Amino acid sequence: MGGDSMEQYDVVIVGHSLSGLITAAYLSKRLRNVAVFSSGHEENVNRMEKRFRDSERSLFRFSFYPHEIARDNKGTLFWRYLNQCGLSQKLQFLEHYQSMIQFKGKWIRRPNDFHNFRNYLIRHYPKQKDGIVRLFNDLEEHYQDYLTQKTARLKNQDYTLTSSMIEYIDLSLEQVLLKYVKDRELMHEFTYFHDAVSLELSEINAYYFFIKWFDQFMNGSYIIKTPYDEIKQLLVAEVSKNREKVMSDRVITDIRLENDMISCVVDQEGNEIQAKHYIFNMSPIA
C-alpha cells in the first residue's frame, strides 16, 4: 500500500471515456464524492480519415470521429444526463429528418419520426392500414411506459418492468409484427434500421429492437456536430466545478476481490482506493 490510509469515495469511475465523464458530472452535481481514474486504455480522440478513388481515379477523402457519441438524439438517457449537467445547450446538433434506403433496386427517402413513418407505411401499404394503425397505437403506449421507467432510472427512483419487456422479451420481431400485418415487404421495412440490417425477422429480438427504435422514431434522430475532443473538454471542465480533484491521471492496474465483490482498486503506485460503487465502462459492479 502506497499511503498511510486507504482513499475513500462514494463512486470510483475507471476510464476517461465520455460515458464515464458524463456520469461523473451528473453525480458530482449531486454532491457525491466521485473520483475518475484512467483505465490505461483511453479513447483516441483523433479524427479518422478514409480515402478512396473512383473509376476515373478521382480521390475522395472523408474525415470523421469514430465514436458512438457522433450520433445521438434528444430523447435518449444520454441527452437527459447532458441536460441535467447543464451541457445540452453547449453542443451543436443537426436534425436527421430522413434516411435513404435501397428498396427494390431504388433509392427511397424514408422519414425518421414516429408519425411520418406510420403515414409512410400506410401510403405504401394501404391494404394493411388497419394493422399498421393498431401496431403504432400499441407502440405509442409501450413507449410512454418505457419513458416513465427511463425517467425513474435517471432520478434513481423505484421502477418496474416495462410493458414492452413483459410482452416482447421472448418474441422475435417477426412474431410481433405478424400479430398486426401479413405483408412480408412491409415487415421487412423494419429491418432497414441500424443493427437489424441484413438480419432475418426471426433472428431479431423484438424487445431489444424496439428499445433502439423508440429512441430514434419517438424522439427524432440527431447528429452531434460538436467534435469529440471538444465535448470531452466541456465535460472535464464541468466535472471540475464542484471538486478540483475529481479527475486523476493515475492508472488503475488491479482490482481486488473479497467474497466475489470488489474490496478496492489499486493504482500504478500501489495506492488502494475504496468506494461504495465502482463503474467500469458504465457498468455498476458493486
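The rules we used
Residues numbered from 1 in each chain as written. Predicted model: local features only at pLDDT ≥ 70, side-chain atom pairs only at ≥ 80, totals over all residues. Heavy atoms only, no water. Axes fitted to C-alpha atoms, helices over the stretch in contact; angles between N-to-C directions. Helix = DSSP H or I, 4+ residues; strand = E, 2+ residues; numbered from the N terminus. Parallel < 35°, antiparallel > 145°, perpendicular 65-115°, else oblique. Left-handed = near helix turned anticlockwise from the far one by under 90°. Contact = heavy atoms within 4.5 Å. Nonpolar A, V, L, I, M, F, W, Y, C, P; charged D, E, K, R; others polar. Phe/Tyr/Trp six-rings, centres within 6.5 Å; stacked < 30°, edge-to-face > 60°. Buried < 20%, exposed > 50% of the residue type's maximum accessible area, 1.4 Å probe, protein only. pLDDT = per-residue confidence, 0-100. Pairing = 2+ DSSP bridges.

1. Quick word on the packing of helix H3 (residues 114–124) against helix H4 (residues 129–154)
Thinking step 1. At a minimum axis separation of 9 Å, H3 and H4 run at an interaxial angle of 165 degrees. By the criterion of interaxial angle, the relationship of H3 to H4 is roughly antiparallel. Crossing angle aside, the handedness with which H3 passes H4 is right-handed. Contacts between H3 and H4 involve Phe114, His115, Phe117, Arg118, Leu121 and Ile122 on the former and, on the latter, Lys129, Ile132, Val133, Phe136, Leu139 and Glu140.
Thinking step 2. Tallied by class, residues from the contact of H3 with H4 come to 8 nonpolar, 1 polar and 3 charged.

2. Some details on the packing of aromatic side chains
Thinking step 1. The tally for this structure, following the rule as stated, stands at 22 aromatic pairs.
Thinking step 2. Both rings, one in Phe117 and one in Tyr120, keep their centres 5.9 Å apart while their planes meet at 15 degrees; by these two values the pair is stacked. Of this pair, Phe117 and Tyr120 both sit in helix H3, 3 residues apart, which is roughly one turn of that helix.
Thinking step 3. A relative accessible area of 1% means that Phe117 is categorised as buried.
Thinking step 4. The exposure class of Tyr120 is buried, given its relative accessible area of 1%.
Thinking step 5. Ring geometry for Phe117 against Phe136: centres 6.2 Å apart, planes inclined by 50 degrees, an arrangement best described as tilted. Taken together, the residues span a long stretch of sequence, with Phe117 in helix H3 and Phe136 in helix H4 at a distance of 19 residues. Both residues of the pair, Phe117 and Phe136, count as buried.

3. A word on the confidence of the model for the protein
Thinking step 1. Averaged over every residue, the pLDDT of the protein is 81; residues scoring 70 or more account for 83%.
Thinking step 2. Per-element averaging of pLDDT across the protein places strand E13 (residues 283–284) at the bottom with 42 and helix H6 (residues 173–177) at the top with 97.
Thinking step 3. pLDDT under 50 marks residues 66–72. Its contacts with residues more than four places away, or in other chains, come to 24 contacts.
Thinking step 4. Segment residues 282–286 is flagged for pLDDT under 50; beyond a separation of four residues in sequence, or across chains, it makes 13 contacts in the model.

4. Let's talk about the pairing of strand E11 (residues 261–267)
Thinking step 1. In terms of burial, E11 is a largely internal element, 6 of the 7 residues being buried.
Thinking step 2. As judged from the 6 bridges shared by strand E10 (residues 247–258) and E11, these two strands associate in the antiparallel manner. The partner of Arg256 across the bridge, within E11, is Cys264.
Thinking step 3. From the end of E10 to the start of E11, which pair antiparallel, there are 2 residues, and Asn259 there has a positive phi angle of about 55 degrees.
Thinking step 4. Relative to strand E12 (residues 272–280), E11 runs antiparallel, the two sharing 2 bridges. Looking at E12, one finds that Val266 is bridged to Glu272.
Thinking step 5. Hairpin connection of E11 to E12: 4 residues between the antiparallel strands, including Gly270 at a positive phi of 90 degrees.

5. So, the environment of Lys212
Thinking step 1. Tracing the sequence through the fold places Lys212 in helix H8 (residues 206–218).
Thinking step 2. Residues Lys212 and Phe193 lie 19 residues apart in sequence; the distance between their C-alpha atoms is 9.3 Å.
Thinking step 3. With residues up to four places along the chain from it excluded, the contact list for Lys212 reads Phe193 and Asp195.

6. Digging into unusual backbone geometry
Thinking step 1. With phi around 55 degrees, Asn259 is a residue other than glycine that occupies positive phi space.
Thinking step 2. Relative to the assigned elements, Asn259 resides in the loop between E10 and E11.
Thinking step 3. A relative accessible area of 70% means that Asn259 is categorised as exposed.
Thinking step 4. Despite not being glycine, Asp260 shows a phi value in the positive range, around 65 degrees.
Thinking step 5. Tracing the backbone shows Asp260 in the loop between E10 and E11.
Thinking step 6. The class of Asp260 is exposed, set by a relative accessible area of 73%.

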